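The primary structure of each chain is shown beneath.
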Amino acid sequence: MLISVVRGIGQVDFMASPWTGLVFIVALAAGNWRYAVYGVLGSAVATLTAYAFGAARDRVEMGLEGFSGTLIGVAFVLYFGMSWMTTLLVVVGCVAGSVVTSALVTLLKPFNLPTFTAPFCIVTSVMLLAAPSFERVRQGKIGPALPSAATGRTALTWSDIWQGMFNGIGQVFFQNKWYVGLIFLVGLVVGSWIAAVAAVVSSLIGMAVAWVLGAPAADIAAGLYGYNAVLVGMALAGIFVVLSPAGGVYAVVGAIAATGLTAALTTFFTPFGGHTLTWPFVLVAWAFLAAVPAFAWLRRAG
Amino acid sequence: MLISVVRGIGQVDFMASPWTGLVFIVALAAGNWRYAVYGVLGSAVATLTAYAFGAARDRVEMGLEGFSGTLIGVAFVLYFGMSWMTTLLVVVGCVAGSVVTSALVTLLKPFNLPTFTAPFCIVTSVMLLAAPSFERVRQGKIGPALPSAATGRTALTWSDIWQGMFNGIGQVFFQNKWYVGLIFLVGLVVGSWIAAVAAVVSSLIGMAVAWVLGAPAADIAAGLYGYNAVLVGMALAGIFVVLSPAGGVYAVVGAIAATGLTAALTTFFTPFGGHTLTWPFVLVAWAFLAAVPAFAWLRRAG
Amino acid sequence: MLISVVRGIGQVDFMASPWTGLVFIVALAAGNWRYAVYGVLGSAVATLTAYAFGAARDRVEMGLEGFSGTLIGVAFVLYFGMSWMTTLLVVVGCVAGSVVTSALVTLLKPFNLPTFTAPFCIVTSVMLLAAPSFERVRQGKIGPALPSAATGRTALTWSDIWQGMFNGIGQVFFQNKWYVGLIFLVGLVVGSWIAAVAAVVSSLIGMAVAWVLGAPAADIAAGLYGYNAVLVGMALAGIFVVLSPAGGVYAVVGAIAATGLTAALTTFFTPFGGHTLTWPFVLVAWAFLAAVPAFAWLRRAG
């Protein structure tokens, strides 16, 4: 069970290896020890809830019931600050997230699609939208929306590029320090060389697309245009689609689409004090996997 | 056919008994005679449309084609005032609602989910969003959004609690007087003791959650955090999920989730002059029913 | 392949005839030569992408992979102005639109529903939402939202009526000159007399509904309340539902619903600098087709 909880942290990036999970915990702690504590708490509550309600044993063991909880824990401590109320919200949120996961498994079964991080996105969006109505929740700190509305220079410096590449990997877990992203990358290498390469390339694709279209350099360097591309790139390059030349092109198109959708959803969520989370990844990955059967040169994996 | 129309009013709370429907008409009239007239009108138009288009006979007879029309009638007279235009809108809205009901029956069949009040929510949200574009509709009175944006004291008085409990039951039909909620509760007792108990308990759960999180006492006392919990609680406690200890826990979690989602959707609909309606109930009930097959200790009923 | 590209332009209005496609190109050119160029470009890129990825041959040949690309091309040059950046966006947008088309084909298959113009709506809404984040895209001209927020007189003149009828047909392609709508109508006659009649009647229904509810005459005359009714009317009158007396009534109800939803979605998209596009058509047509099996007197065609 403890191993399942650790796997639940690695599964955020599709890695079932507990070693990857351990490195990811180190990465979170390098960002701030609170992230590590709440991330593990979230994975544990989600995994235990699924186990207690009698969810499929193999899903529990592989950490597939825990990864949304991991992100719920990290996001809640980021947005609401560390407190007993936040701890309570994480527990309730992970129980609800467990139900949402099972609901999505049922709803997506006819289309053979995984839930991805949709349960995390749903629970966290709901909580962020609900927060202004509740005095005891509002007292927590609400972090800035991602990407920031910052404008400014659009030319990239060398340090923007290399730091942004690492940040695109770290922002999957809301982390914006380059060395945290680097530790996550080490975790990926431990789990799968192909996924690590896909993450680096996709992060760079996301940055390149945003740069061509004229996004502010500060947002690009913070990894805000990279993290959804990173997740889509990993998902389409070998994990859910068989790796091939056509599959590689498909993954690149997916990473580009994820970057555009990141900007679009940021605008969409703005009137709601919005937080883009990993919605762009979820929607692009669903669309691109659902489209696979229509294309003769692509094959689903796994 | 007349009995089907009356059943269509009770089916808002899942009760097929025509006696429940009659008591509910009395309750609406106790709020304002206009609600009773338009509620019956809506149920009649929706039931007749379904009958005329040749919808499944048993669904028509059980009132399952009428209950969304009931709520459309009540909501339209509440938001647009009593007029010939409103009457016309109710008729057209119920015809459209009948099509939406049939569409949802088809779309939800692979997942074995009922439509709940989704057709009402869709038609009413569309009409509320459309109203500002139309001069003859705008002239009607647009009621205040639910829950109100009121802030203020968060401590609950004794009368807040007992009135709020009844109001949570009455707000399912947009009613905010405690004695109207009491009459609805009588109607529930006539239909099903279990549903009545579930309604009372769920209304209190919704209030408790909102109180813990620090919602304004005025909103809690008006039943604004209770009505979605009431519907979810009834749906999950015996009506769509077999009653059992695990099922009871599940219903409690559902009522908690519905309360959080009520606050979230209120924020979401705000930029659109929003009205939360029973969207939180519909979404939570769909998710919790879809998740049932994944949990070994729960069974679908009916 | 060239014929498939031309068919892709006619398929916006469900016409497989290449002659219809040719007349439509003339109509676009009568509006502005840029619309014709980008419309053909969009259809070509989308068709070629589908062909290259190995989509179903019959769909490619009938132009069913091209029509969303047509609208993407026309919409992008309208909203972002003619430039190399817009051309690049059209190419990338059509590639993404091709993936979205295939994804929707998979997702809608259990319900036997066509994609309609949903891929165009999704890609264009995403790009319009993303534009404010990107300096090089923002520099293009963003056209006014449809329908306009214009208020003013609600009484219709004779020229409002006959011009509005043609404009309702032309607005399917964003065209607001009556003679452009007339040329589109000629193209429809070439393809199908029934569709042409349905288009004229539906455009008038949309205008009548908006007039009864008190919409500004300027919006009605511009065809802004007609174009979704036109598409729904054509789709339900003979093309996707067998033509019959009941089917005719059903198409009329659909055209009315599309007009109401047009106003509603215009309000919904306003906080996002919104553009209603053909979303109302897509949603109403999906609902009305999904509901057909529930109604004994209606039959699906094709």
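No experiment lies behind these values; they were computed from the predicted model shown.

Asks: Please explain unusual backbone geometry as it appears in this structure.
Replies: Where the residue is not glycine, phi is negative for most of them; where a peptide bond is considered, it is trans in most cases. Residue and element names in this part refer to chain A. Positive phi, normally seen in glycine, also occurs at F116, with a value near 50°. As for its position among the elements, F116 is in the loop between helix 6 (84-108) and helix 7 (118-130). Exposure remark for F116: the relative accessible area of 3% places this residue in the buried category.

Asks: Explanation requested: the interface of chain B and chain C in the structure shown.
Replies: When the parts of a complex come together, some accessible area is lost, and that lost area is often taken as the interface size. Tallying the contact residues gives 31 residues for chain B and 33 residues for chain C. Of the roughly 2,600 Å² buried at the junction of chain B and chain C (both faces included), carbon and sulfur atoms supply 75%. Joining chain B to chain C, the criterion identifies zero salt bridges. Summed over the shared surface of chain B and chain C, the number is nine residue pairs in polar contact (both at pLDDT 80 or more). Of all the elements in the fold, those that place two or more residues in the side of chain B that touches chain C are helix 3 (33-53), helix 6 (84-108), helix 7 (118-130) and helix 8 (135-138) of chain B. When residues of the side of chain B that touches chain C are assigned to their parent elements, the largest contribution, eleven residues, is made by helix 6 of chain B. Among the residues forming the side of chain B that touches chain C, the class breakdown is 23 nonpolar, five polar and three charged.

Asks: When you look at the interface of chain A and chain B in this model, what are you seeing that I'm missing?
Replies: Every contact between the two is made by 31 residues of chain A and, on the other side, 33 residues of chain B. Where chain A abuts chain B, roughly 2,600 Å² becomes buried across the two surfaces, and 75% of that area is made up of carbon and sulfur atoms. Between the two partners, chain A and chain B, sit zero salt bridges. In this assembly, chain A and chain B are joined by nine residue pairs in polar contact (both at pLDDT 80 or more). The element best represented in the side of chain A that touches chain B is helix 6 of chain A, accounting for eleven residues. Classifying every residue of the side of chain A that touches chain B gives 23 nonpolar, five polar and three charged.

Asks: Sorry if this is basic, but what is going on with the domain arrangement of chain A here?
Replies: All names here are of chain A. With domains assigned, chain A is organised as domain 1 (1-139) and domain 2 (158-294). Between the C-alpha centres of domain 1 and domain 2 there is a distance of 20 Å. Tallying the contact residues gives 36 residues for domain 1 and 32 residues for domain 2. Summing both sides of the interface, domain 1 and domain 2 together bury roughly 2,900 Å²; the carbon and sulfur share of this comes to 81%. Taken together, the connections running from domain 1 to domain 2 amount to zero salt bridges. The interface formed by domain 1 and domain 2 includes seven residue pairs in polar contact (both at pLDDT 80 or more). The dominant element in the side of domain 1 that touches domain 2, judged by the number of residues it contributes, is helix 2 (residues 18-31), at nine residues.

Asks: What should I look at first to understand the relation of the copies chain A and chain B in this one?
Replies: A rotation about some axis, followed by a shift along it, carries one copy of the chain onto the other. For the match of chain A to chain B, the screw axis carries a shift of 0.0 Å, the RMSD comes to 0.0 Å, and the turn is 120°. Here the copies are linked by what is in effect a three-fold axis. Taking C-alpha positions as the reference, the residue of chain A nearest the rotation axis is P271 of chain A, at 4.1 Å. The residues that chain A uses at the interface reappear at the interface of chain B in only 13% of cases, marking distinct surfaces.

Asks: Would you mind going over the UniProt feature "site: Important for channel permeability" (unreviewed entry) in chain A with me for this structure?
Replies: All names here are of chain A. As annotated in UniProt, the feature "site: Important for channel permeability" (unreviewed entry) corresponds to T278 in the numbering used here. Looking at the secondary structure, you find T278 in the loop between helix 14 (245-269) and helix 15 (279-291). Setting aside its immediate chain neighbours within four residues, T278 contacts T117, F120, C121, Y227, N228 and L231.

Cut-offs used in this document
Residues numbered from 1 in each chain as written. Chains lettered and ligands numbered in written order. Predicted model: local features only at pLDDT ≥ 70, side-chain atom pairs only at ≥ 80, totals over all residues. Heavy atoms only, no water. Helix = DSSP H or I, 4+ residues; strand = E, 2+ residues; numbered from the N terminus. Buried < 20%, exposed > 50% of the residue type's maximum accessible area, 1.4 Å probe, protein only. Contact = heavy atoms within 4.5 Å. Buried area = accessible area lost by both parts, 1.4 Å probe. Salt bridge = Lys/Arg side-chain N within 4 Å of Asp/Glu carboxyl O. Polar contact = N/O pair within 3.5 Å; in protein donor to acceptor, adjacent residues only side chain to side chain. Nonpolar A, V, L, I, M, F, W, Y, C, P; charged D, E, K, R; others polar. Domains from an automatic or database assignment. Least-squares fit on C-alpha atoms with pLDDT ≥ 70 in both. UniProt positions renumbered as here; feature names shortened; annotations may be inferred.

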